[in-house]
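# Chains, contacts and geometry: an overview
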Amino acid sequence: MESIPRKPLRAAHHCGLALLGLTCLLGTADARPMQLPSEQFPGPWLEVTQEIRDILTLNKVAACSQAAGRESSRNPGEYLLYCTSDEKLWTSWRVQPAARSVRGPGRLFQGIAPPDGY
């Protein structure tokens, strides 16, 4: 039985390790540190604009008869809304008026209390 030469195996092993290391570096090059929701949406609570209300209506969101918003520090023009219809049950929504997009409903974020006055 013939033995496999060691040099080609060693070269292939080193090449594989280099590719693995490069893949790991490239995979983390664009990674952003995770922000807490309270850092991403630092406040203060703002009155919801008519433009945002129109987008909620366009997307058939009825759970926001009372709402307040916070703008994103990471993505200007994106808003976190806390909405309620009965002042007891609150839901969270993310709205991007420029893209006319709405995501939700979701739970409230830990560290971001509903606005006062409701």
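Presented here is a report on the structure given in the accompanying data block. (Residues numbered from 1 in each chain as written. Predicted model: local features only at pLDDT ≥ 70, side-chain atom pairs only at ≥ 80, totals over all residues. Heavy atoms only, no water.)

### Concerning helix α3 (residues 50–58)
Considered for burial, the residues of α3 that qualify are Ile52, Ile55 and Leu56. Buried positions in α3, seen along its axis, are confined to an arc of 100° and lie on one side of it. Away from its buried face, by an angle of more than 90 degrees, α3 presents the exposed residues Gln50 and Thr57. Against β3 (79–84), β4 (90–96) and β5 (101–106) lie the buried residues of α3. With its phi angle positive at about 60°, Lys60 sits one or two positions after the end of α3. (Buried < 20%, exposed > 50% of the residue type's maximum accessible area, 1.4 Å probe, protein only. Helix = DSSP H or I, 4+ residues; strand = E, 2+ residues; numbered from the N terminus. Arc of directions from axis to C-beta. Contact = heavy atoms within 4.5 Å.)

### Regarding the nonpolar core
Counting residues in each nonpolar core, the largest one holds 12 residues, listed as Val48, Ile52, Ile55, Leu56, Val61, Cys64, Ala67, Tyr79, Leu81, Cys83, Trp93 and Val95. Looking at this core, the elements that each hand over two or more residues are α3, β3 and β4. When residues no more than four places from it in sequence are discounted, the contact partners of Cys83 are Ala63, Cys64, Gln66, Ala67, Leu89, Trp90, Thr91 and Trp93. (Core = buried A, V, L, I, M, F, W, Y, C linked by side-chain atoms within 4.5 Å.)

### Focus: the sheet that holds strand β1 (residues 46–47)
Reading across the sheet, the 5 strands line up as β1-β2-β3-β4-β5 and stay open at both edges, with antiparallel pairing between neighbours. Edge strands, defined here as strands with exactly one partner in the open sheet, are β1 and β5. (Pairing = 2+ DSSP bridges.)

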